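One-letter residues, chain by chain:
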Amino acid sequence: MKKCFLLFALSLIGCQPKAVTPATPTSEVKEISESMVRVNSTLQSWNIAQPWEKNPARQRRSLAAIVEQNQVITTAEMVADATLIEVESTDGAKRARATVACVDYEANLALLKIDDAKESADFFLGKTPLAMANNPALGDTVDVIQVEENGHSLFTSGQIRSADVRSTFLPGQSFLTFRVKASMQSSASSYSLPVLHAGKLAGILSSYDSKDQISDVIATPLISRFLMESQKPQYQGFPNLGVNIQSTDDPHFRKYLHLSEEVGGIFVSKVRKGSAADEAKVLPRDVILAIDDFPIDRRGYYQDPLYGRLPWMQLVRGNRSAGEVISLTIWREGKELSLPVTLSRQEEDSRLVPNYQFGKAPRFLIKGGMIFQEITRPLLEAFGDEWESRAPLSYLHVLSEPELYEKDHDRMICLSGVIPTQATVGYEGLRHMIVSKVNGKSVRNMRELIQALKQAPLGQRSHRIEFMDESIAIYLDDAVSDQIDAQLLQRGLQQLHRAD
Amino acid sequence: MHRFFLLVVATLAGALHAADLPQPVPAPSAQEMYRSVVRIEVATQTPNYATPWNAGRFSGGIGTGFLIGPNQFLTNAHVVSNGQRFLITIYGSPEKHPAKVEYIAHDCDLALLSVEDFSPFEKLPIFSIGQAVPALESQVRVIGYPIGGERLSVTRGVVSRIDFQPYSHSRADSHLVVQIDAAINPGNSGGPVLQNDSVIGVAFQGLTEADNTGYIIPTPVIQRFLKDIRDGRYDHYVDLGIAEFPLINPAMRAALSLPNKNIGVLVTNVTPTGSCDGVVKEGDVLIAIDDHPIDAAGAILIEGEKVNMHEVVERKFAGDPVKLGLIREGKEREVTATLKTLPPAKMYAIRYEEKPRYVVCAGLLFQPLDTNLFATASFRDVNVRRLYSDYVSKGLFQEFEDVVILTDILADELNSTLPSLKGKIVKTINGTKVTSLAQAHDLLYPEKSPEYLVIELLGVERPLVLPYAEIPAANERVSKNYQIKRLSNLKAQ
């Protein structure tokens, strides 16, 4: 079978200009579709404005490759906020409910499995897992696989034009991506598609620009590493260095830093507290000249043996596991020094303002009609496309300067709005205020807020709530708000708080 | 308060008529009165804050004014703002009389003009300004020179609403406003609104998204302006300098142990250096102003009318005392604040008749933050927007006379490799904290230059570095290429 496969791939390369394959023997086409499943997922995100409710559900369909251990690999976009994931054989004959075995929203990759052992064995019976391809080089040809509704497979060959470190899903989360030039047709279940190289899995197509006929393909090394990491007892994700950098191509700046013309180097403008770089005592104003003997140029690129000029991040993210040690060559105050850095990863949930919250219901508390929420990036993004200028300034400040708040807070709690009730008479206009203290004590997170507002302080009828940036304390009658809360539940609110 | 206002009117009217009018004028007919409504033609020059070294845009407009005393023509400030040449025409006459602005009050959108030669106007009747705010539903006439024709126009309507509203000319001020349902169109601005041949307001603004809403400046605001300028100078409105929160919530009232159900507002902010600084504290409950009880929504009752408590201050002047009743730590007390203007509040008012201030150094353009710049540059940077909004309430003006911003980098071979970091606050220059534009200028151009000019921007952890040795040549190129005759302007006037 394997030989057959190779042959097929060869013939495909041979007839590259007409990529679609009516002439290809059906047996071989059947072969590849035996390594594919359709993934149908129903996604339902939370309504940030009314965090006790969910938004209308959406559907996504994709084609995904079967890999070892009866697992299916697809993009994280396919499972983000999924309420139901189904896998379906390409001929539609078999169907099973799948669960997420491992997901990395940052790298945009997910592994699916079928929980029930027997069901899983049944579903994957006769299917052939795809092996991982060796890393293709620039200029190599890869095949994008599509399967039409009738089960007919479509192969579209294309060349890897370039490789870059880009985001395929979440803004600011960049990983190695191939740009493949191929002219594809639109077809069913195309949210993401497997990409093969010499008959083996070489990538996942995450987007296609029909105008330029360019596809973004999650690259082979990243998928290989994800599969490797997913085998570990605890999935750790891809590590970060934890620095902000600036280029050093400005000649005056270089002279000011006493950088010689022979070296490149990137200027460390910020070291995130508790990050790998911070632990290794990398300092702001250091210049990183090289990472693991790869010289970094003035704009932050290094020469990758396989993929040409790539941004320095590739030497840390996607190419390395947490716990590994890399070596930084640093230029500090006119001297060169070498710093070993043990790579680590900051859990997204440990951030003051998490960038994403997939699979986690937003935390909130309703007390007497006052709605309290945690400031997260999804909350900010709920202010619309222009959220960076429309969101409240105090929230944006927390996002841009988390260090100023992190000491006393796990999350920032805000009063996001007020439902007009008997308890909130006179407070109707209050919104978008960050809570600083409740009954005299600062609150670290939603759990503490819920606890603090459970009962009025001894000898008091009301809770006292204070806010940052505003010297105003407001009072909430405990007994009245309890009554209101009971009414709100009767009026159809599913729940009044959520802290997990 | 009303009584107080009447007093003002009485003294003012006395002053105007007794001192300035040689003989009493018999009551003129309506047709005759119209002759005292003049057309004002203004040529303006408006600076462009994006290119502050340029002369700006030359333009012009038409407005209305009316004679309120010997060589005193009242109109709107926005009719004559940024004006360079003013011509006044009498109804039905082709002659244009050169005029000048005697007083201009941007915060209440009023201005007083005079002509070089008053003799052609001497025979014209003089409008008397009414004494009270017109009643709801009473009829009014608006006279002026609006678009849609060359000659004088008269429209009629009724008083629809009396309210405290923003005055859009400065963008930062709110005063009493009377809404009428007569059309007020461009060109009407500055024209008299009459009731029984006496002026009850000056037409000044409309509403674009609604029909039949015209706004007029009512007599209390006009009278205040006329009284303010009597000492030869316009001093601006005074302000309590506090922010309040209504005390309507029962739990809040109970927690603050407030006995009376409907009295009092909570003080949530006291502007540093403002009228109430040191007199009123945050957390105080204000219960009375000049002996008028303040209700829980911040309103006071005067002769049957509910008005905003700030209306008391609206009719006072710098140096006047205002008596405040308040509850602090459970005890009632009475304090007196001496009213004053709050110059830093100009941060939020559009500036007119000013030359934009700026410094250019090696193509880097530095400008002080103000509303003109804010409106031009549409800043995205959170630090800039926060400093702008907190500048007065948090008293940041005490620390920063100016918030200096790097607004642009005019491309030159010396600066072309700098990262594009426009719209950021300048934190330090050569290691010294920047607190005003003039100081920034001195720091940029020191007597003895170090090797590098080093500029740190707020929120950017990478300094901008330029070698001082090459800056003079760069300045020369920038001056020539961008036609910047003066590399800095540190004075607004």
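Conventions adopted
Residues numbered from 1 in each chain as written. Chains lettered and ligands numbered in written order. Predicted model: local features only at pLDDT ≥ 70, side-chain atom pairs only at ≥ 80, totals over all residues. Heavy atoms only, no water. Helix = DSSP H or I, 4+ residues; strand = E, 2+ residues; numbered from the N terminus. Buried < 20%, exposed > 50% of the residue type's maximum accessible area, 1.4 Å probe, protein only. Contact = heavy atoms within 4.5 Å. Areas by Shrake-Rupley, 256 points an atom, 1.4 Å probe, with all protein chains shown as cover. Lys, Arg positive; Asp, Glu negative; His and termini not counted. Charge placed at Lys NZ, Arg CZ, Asp CG, Glu CD. Domains from an automatic or database assignment. Buried area = accessible area lost by both parts, 1.4 Å probe. Core = buried A, V, L, I, M, F, W, Y, C linked by side-chain atoms within 4.5 Å. Pairing = 2+ DSSP bridges. Axes fitted to C-alpha atoms, helices over the stretch in contact; angles between N-to-C directions. Salt bridge = Lys/Arg side-chain N within 4 Å of Asp/Glu carboxyl O. Phe/Tyr/Trp six-rings, centres within 6.5 Å; stacked < 30°, edge-to-face > 60°. pLDDT = per-residue confidence, 0-100. Patch = residues over 30% accessible without salt bridge, like charges linked within 9 Å, V, L, I, M, F, W, Y side chains within 5 Å. Parallel < 35°, antiparallel > 145°, perpendicular 65-115°, else oblique. Left-handed = near helix turned anticlockwise from the far one by under 90°. Polar contact = N/O pair within 3.5 Å; in protein donor to acceptor, adjacent residues only side chain to side chain.

Draft legend 1. Quick look at the overall build of chain A. The helix and strand inventory of chain A stands at twelve helices and 29 strands. In terms of its C-alpha atoms, chain A occupies a principal-axis envelope of roughly 85 × 65 × 40 Å. Counting all 500 residues of chain A, 54% fall into the buried class. Restricting the contact set of chain A to residue pairs at least 6 apart, pairs at least 24 apart contribute 62%. Surface exposure of chain A reaches about 22100 Å², of which carbon and sulfur atoms provide 49%. Separation of charge centres in chain A, based on 56 positive and 62 negative side chains, amounts to 0 Å.

Draft legend 2. Highlighting the domain arrangement of chain B. Residue and element names in this part refer to chain B. Domain boundaries in chain B define domain 1 (30-121), domain 2 (139-231), domain 3 (242-340) and domain 4 (346-489). For domain 2 versus domain 4, the separation of C-alpha centres amounts to 41 Å. With four residues of domain 2 at the contact, the number on the domain 4 side is five residues. Across the domain 2/domain 4 interface, buried area totals approximately 380 Å², and carbon plus sulfur atoms make up 61% of it.

Draft legend 3. Summary view of the nonpolar core. Membership of the largest hydrophobic core comes to 63 residues, with the highest contact counts inside it found for Ile73, Leu109, Leu241 and Leu328 of chain A. Residue assignment places this core across two domains, with domain 1 (1-235) and domain 2 (243-342) of chain A each supplying three or more. Met370, Met446 and Ile484 of chain A together with Ile327 of chain B belong to the second largest nonpolar core, which has 43 residues in total.

Draft legend 4. Broad picture of the pairing of strand E23 (residues 370-374) of chain A. Residue and element names in this part refer to chain A. For E23, a buried count of five out of five residues is recorded, marking the element as mostly surrounded by other parts of the structure. The two faces of E23 match: Met370, Phe372 and Glu374 on one face and Ile371 and Gln373 on the other face are all buried. Direction of pairing for strand E22 (residues 364-367) relative to E23: antiparallel, over a ladder of four bridges. Bridge assignment links phenylalanine 364 to a residue of E23, and that residue is glutamine 373.

Draft legend 5. How the structure looks around the sheet that holds strand E11 (residues 193-197) of chain A. All names here are of chain A. If you walk around this closed barrel you meet the six strands as E8-E9-E10-E13-E12-E11, and the pairing is antiparallel. Geometrically, the sheet is characterised by an average inter-axis angle of 45° between neighbouring strands, direction not taken into account. Here strand E8 (residues 141-147) runs beside strand E9 (residues 153-166); their pairing, made up of seven bridges, is antiparallel. Across the sheet, the residue bridging to threonine 141 is glutamine 159, located in E9.

Draft legend 6. Spatial organisation of the domain arrangement of chain A. Domain parsing of chain A yields domain 1 (1-235), domain 2 (243-342) and domain 3 (353-498). Each of domain 2 of chain A and domain 3 of chain A has a C-alpha centre, and the two are 41 Å apart.

Draft legend 7. Structural detail: the pattern of salt bridges. Considering all chains together, one arrives at 60 salt bridges over all chains under this definition. One salt bridge in this structure joins arginine 85 of chain B and glutamate 41 of chain B, with 3.7 Å as the shortest N-O distance. Pair noted here: arginine 85 of chain B is in strand E4 (residues 83-89) and glutamate 41 of chain B is in strand E1 (residues 37-46), with a separation of 44 residues, a long-range link. Accessibility expressed as a relative area gives 43% for arginine 85 of chain B, which makes it partly exposed. For glutamate 41 of chain B, a relative accessible area of 17% corresponds to the buried category. When the shortest N-O distance is used, the salt bridge between lysine 100 of chain B and glutamate 102 of chain B registers 3.4 Å. Glutamate 102 of chain B gets classed as partly exposed once you look at its relative accessible area, which sits at 37%. In this structure, a network of salt bridges that share partners links the residues Arg225, Glu229, Lys232, Asp292, Arg320 and Glu324 of chain A.

Draft legend 8. Expanded view of the sheet that holds E1 of chain B. Residue and element names in this part refer to chain B. With respect to topology, six strands assemble into a closed barrel ordered E1-E2-E3-E6-E5-E4, the strand pairing being antiparallel. Sheet twist, expressed as the average angle between the axes of neighbouring strands with direction ignored, equals 40°. Bridge count between strand E2 (residues 57-69) and strand E3 (residues 72-75): three bridges; the pairing is antiparallel. For leucine 67, the partnering residue across the bridge sits in E3 and is phenylalanine 73. Together, E2, E3, strand E5 (96-105) and strand E6 (110-115) form the strand contacts of helix H4 (residues 219-228), whose direction differs from that of E6 by roughly 55°.

Draft legend 9. The arrangement of H4 of chain B in detail. With nine of its ten residues buried, H4 of chain B lies for the most part within the structure. Within H4 of chain B, burial applies to Thr219, Pro220, Val221, Ile222, Gln223, Arg224, Phe225, Leu226 and Asp228 of chain B.

Draft legend 10. Broad picture of the packing of aromatic side chains. The final tally for this structure, using the stated rule, is 26 aromatic pairs over all chains. A centroid spacing of 4.6 Å and a plane angle of 45° characterise the contact between tyrosine 167 of chain B and phenylalanine 204 of chain B, whose relative ring orientation is tilted. Residue tyrosine 167 of chain B is located in strand E8 (residues 153-167), and its partner phenylalanine 204 of chain B is located in strand E11 (residues 198-206); the two are separated by 37 residues in the primary sequence. For the pair tyrosine 167 of chain B and phenylalanine 204 of chain B, a shared accessibility class is recorded, and that class is buried. A network of ring pairs unites the aromatic residues Tyr105, Phe169, Tyr356 and Phe358 of chain A as a single cluster.

Draft legend 11. Expanded view of the side chain of threonine 329 of chain A. As for its position among the elements, threonine 329 of chain A is in strand E20 (residues 325-332). Apart from the residues lying within four places of it in its own chain, the contact partners of threonine 329 of chain A are Val287, Ile288, Leu289, Ala290, Glu336 and Leu337 of chain A.

Draft legend 12. Local environment of the interface of chain B and chain A. Listed by partner, the interface residues are 32 residues for chain B and 38 residues for chain A. When chain B packs against chain A, close to 2900 Å² is buried across both sides, 57% of that on carbon and sulfur atoms. A per-residue breakdown of the area chain B buries against chain A is headed by Arg386, Glu461 and Arg462 of chain B, which together make up 20% of the total. The tally of links between chain B and chain A comes to four salt bridges. Among the ionic pairs, arginine 285 of chain A bridges to glutamate 456 of chain B, the shortest N-O distance being 3.9 Å. Among the elements that line the side of chain B that touches chain A, the one with the most residues is helix H8 (residues 382-390) of chain B, at five residues.

Draft legend 13. Expanded view of the confidence of the model for chain B. Looking at chain B as a whole, its pLDDT mean stands at 90, while 94% of the residues score no less than 70. Counted against residues more than four places away or in other chains, residues 1-25 of chain B, with its pLDDT under 50, gives 35 contacts.

Draft legend 14. Just a negative patch on the surface, in detail. Residues Glu95, Glu116, Asp117 and Glu122 of chain B make up a contiguous surface patch of negative charge. Relative to the assigned elements, glutamate 116 of chain B resides in the loop between E6 and strand E7 (139-144).

Draft legend 15. Focus on the side chain of asparagine 372 of chain B. Mapping asparagine 372 of chain B onto the fold places it in helix H7 (residues 371-377). When residues no more than four places from it in sequence are discounted, the contact partners of asparagine 372 of chain B are Tyr49, Ala349, Ile350 and Arg351 of chain B.

Draft legend 16. Focus on the confidence of the model for chain A. For chain A, mean pLDDT is 90; residues scoring 70 or higher make up 93% of the total. Confidence drops under a pLDDT of 50 for residues 1-30 of chain A, and excluding neighbours within four residues, the segment shows 28 contacts in the predicted structure.

Draft legend 17. Expanded view of unusual backbone geometry. Residues other than glycine seldom take positive phi values, yet aspartate 292 of chain A does so here, at roughly 50°. You can see aspartate 292 of chain A is positioned in the loop between strand E16 (287-291) and strand E17 (294-295).

Draft legend 18. Highlighting the packing of helix H9 (residues 393-400) of chain A against H8 of chain B. Here H9 of chain A crosses H8 of chain B at 140°, and the two axes come no closer than 10 Å. By the angle between their directions, the pair H9 of chain A and H8 of chain B is classed as oblique. Crossing of H9 of chain A against H8 of chain B: the hand is left-handed. From H9 of chain A, Leu393, Ser394, Leu396 and His397 of chain A reach across to H8 of chain B, where they touch Val382, Asn383, Arg385, Arg386 and Ser389 of chain B.

Draft legend 19. The arrangement of the environment of arginine 462 of chain B in detail. With respect to the helices and strands, the residue arginine 462 of chain B is situated in the loop between strand E26 (452-457) and strand E27 (464-467). Arginine 462 of chain B gets classed as buried once you look at its relative accessible area, which sits at 2%. Arginine 462 of chain B sits 202 residues away from asparagine 260 of chain B along the chain, and the two C-alpha atoms are 58 Å apart. In this structure arginine 462 of chain B touches Gln246, Ser247, Asp250, Phe253 and Phe267 of chain A together with Pro419 of chain B, once residues within four positions along its chain are discounted. There is a polar contact of 3.3 Å between the side chain of arginine 462 of chain B and the side chain of aspartate 250 of chain A.

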